[in-house]
Amino acid sequence: MANLQIGIIHLDFPDNPEEESKDYVTCLSTERLSRYAGIPSEGIIGQILRPLAPGERITPENFAANTVFADLMQGVIASRGPQTKDLIADAKRLRHGTLFVIDRRRTRAPEGPGREIREQDIFGEFEVKRGRIVPGSYRPNLKHYILTEDGFFQLGPDLEESLLVVLSAIPDPDDEAESHGLPN
């Protein structure tokens, strides 16, 4: 199983001298990025708002999330979440009520008795009845942050794999242009 690799890509726009270069945060594979000049917007997690100094980390104040990516990720959770092993197991334990889909990296002690789950670390929620996730019941949390002071989001392994599969199926902008006879 592949892991979601989050990295930075620097883009210059030589055909448009008016356009400033930009640094984007992406989770597309480096092979895919090196083959094509275009990046599908769904593969851009967000933009770094000002250049980073050497050794400087990306912070929430210097990052703007890409709503196209966030919507795609939420769609993957809504459609694939009910089939993931971890959420099925959680639903069976819960039996009835609200099942929160939580960030796996940023949540402190998610299994402990004094667990602390901040609103910005909840992707969304499913309704559970009789130990099963109710189809179509997913509600995304509009206050979820792609990046907090604790780092970038992390889905559970099954959802992460599903996100990677969906991202890999998105056509590259260069391929789209070629299929329509447009120059690159």
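Here, residues in each chain are numbered from 1, in the same order as that chain's written sequence. The predicted nature of this model means local features are confined to residues of pLDDT at least 70 and side-chain atom pairs, given and counted, to a pLDDT of 80 or more, with totals for whole chains, interfaces and linings taken over all residues. Hydrogens and water molecules were not included; the side-chain quantities draw on all heavy atoms of the structure.

1. Points about the overall build of the chain
In plain terms, the rule: Runs of E in the DSSP output that reach at least two residues are strands. Runs of H or I that reach at least four are helices, and both are numbered from the N terminus. Exposure is judged per residue with a 1.4 Å probe applied to protein chains only, and the accessible area is read against the type maximum: over 50% gives exposed, under 20% gives buried, and values in between give partly exposed. Contacts are assigned to residue pairs that have any heavy atoms within 4.5 Å of one another. Computed by Shrake-Rupley with a 1.4 Å probe, the accessible areas treat only the displayed protein chains as cover when residues are assessed.
For the chain, the count of helices and strands is five helices and 10 strands. In the chain, which comprises 184 residues, the share counted as buried stands at 40%. Here the contacts in the chain between residues at least 6 apart in sequence split such that 59% fall between residues at least 24 apart. With an accessible surface of roughly 10900 Å², the chain has 52% of that area assigned to carbon and sulfur atoms.

2. Concerning the pairing of strand β3 (residues 44-48)
As a reminder, the rule being used: Should DSSP find at least two bridges between two strands, the strands are regarded as paired.
A large share of β3 lies buried, amounting to four of its five residues. Bridging between strand β2 (residues 22-26) and β3 involves four bridges; their strand directions are antiparallel. The residue of β3 that forms the bridge with D23 is I48. The sheet contact formed by β3 and strand β4 (residues 63-65) spans three bridges and is antiparallel.

3. Here we look at the pattern of salt bridges
Charged atoms that come close allow side chains of opposite charge to pair. Spelled out, the test is: Whenever Lys or Arg places a side-chain nitrogen within 4 Å of a carboxyl oxygen from Asp or Glu, that contact is recorded as a salt bridge.
The full count for this structure, using the stated rule, is eight salt bridges. For R118, the salt bridge is made with E149, and the minimal N-O distance between the two is 2.9 Å. A residue pair is termed long-range when its members are at least 10 positions apart, and R118 in the loop between β5 (97-102) and β6 (122-129) and E149 in the loop between β9 (147-148) and β10 (151-152) qualify at 31 residues. Each of R118, D121, E149 and D150 takes part in salt bridges that share partners, so that together they form one network.

4. Some details on the side chain of E125
Test applied: N or O atoms within 3.5 Å of each other form a polar contact, as long as, within protein, one can give a hydrogen and the other can take it, and as long as residues adjacent in sequence are counted only when both atoms are side-chain atoms.
Residue placement: E125 occurs in strand β6. Side-chain polar atoms of E125 contact the side chain of R139, separated by 2.5 Å. Setting aside residues up to four positions removed in sequence, E125 forms contacts with T98, L99, F100, S137, Y138 and R139.

5. Considerations on the nonpolar core
We count it as follows: We define a nonpolar core as any set of buried Ala, Val, Leu, Ile, Met, Phe, Trp, Tyr and Cys residues linked to one another through side-chain atoms lying within 4.5 Å.
Membership of the largest hydrophobic core comes to 39 residues, with the highest contact counts inside it found for I45, F69, M73, I77, I146, F153 and L163. When contributions to this core are tallied by element, the ones reaching two or more residues are β1 (7-11), β2, β3, α2 (67-80), α3 (85-94), β5, β6 and α4 (157-168). The element that contributes the greatest number of residues to this core is α2, accounting for six residues. Residues contacting F69, with those up to four places away along its chain left out, are C27, E42, I44, I45, I146, F153, L163 and L167.

6. Side note on the packing of α2 against α4
Selection rule: Working convention: axes come from line fits to C-alpha atoms, limited for helices to the stretch in contact. Angles between N-to-C directions cover 0 to 180 degrees. We call two directions roughly parallel when the angle between them is under 35 degrees, roughly antiparallel when it is over 145, roughly perpendicular when it lies between 65 and 115, and oblique otherwise. The crossing is said to be left-handed when, going from far helix to near helix, the turn is anticlockwise and less than a right angle, and right-handed when the turn is clockwise. Lys, Arg, Asp and Glu make up the charged group, whereas Ala, Val, Leu, Ile, Met, Phe, Trp, Tyr, Cys and Pro make up the nonpolar group; the residues left over, Gly among them, are polar.
Put simply, α2 and α4 touch, their axes get as near as 10 Å, and they point 120 degrees apart. Considered as vectors, α2 and α4 are oriented oblique to each other. The way α2 lies across α4 gives a crossing that is right-handed. Where α2 approaches α4, its residues F69, L72, M73, V76, I77 and R80 are matched on the opposing element by L159, S162, L163, V166 and L167. Here the residues of the contact of α2 with α4 are counted per class, giving nine nonpolar, one polar and one charged.

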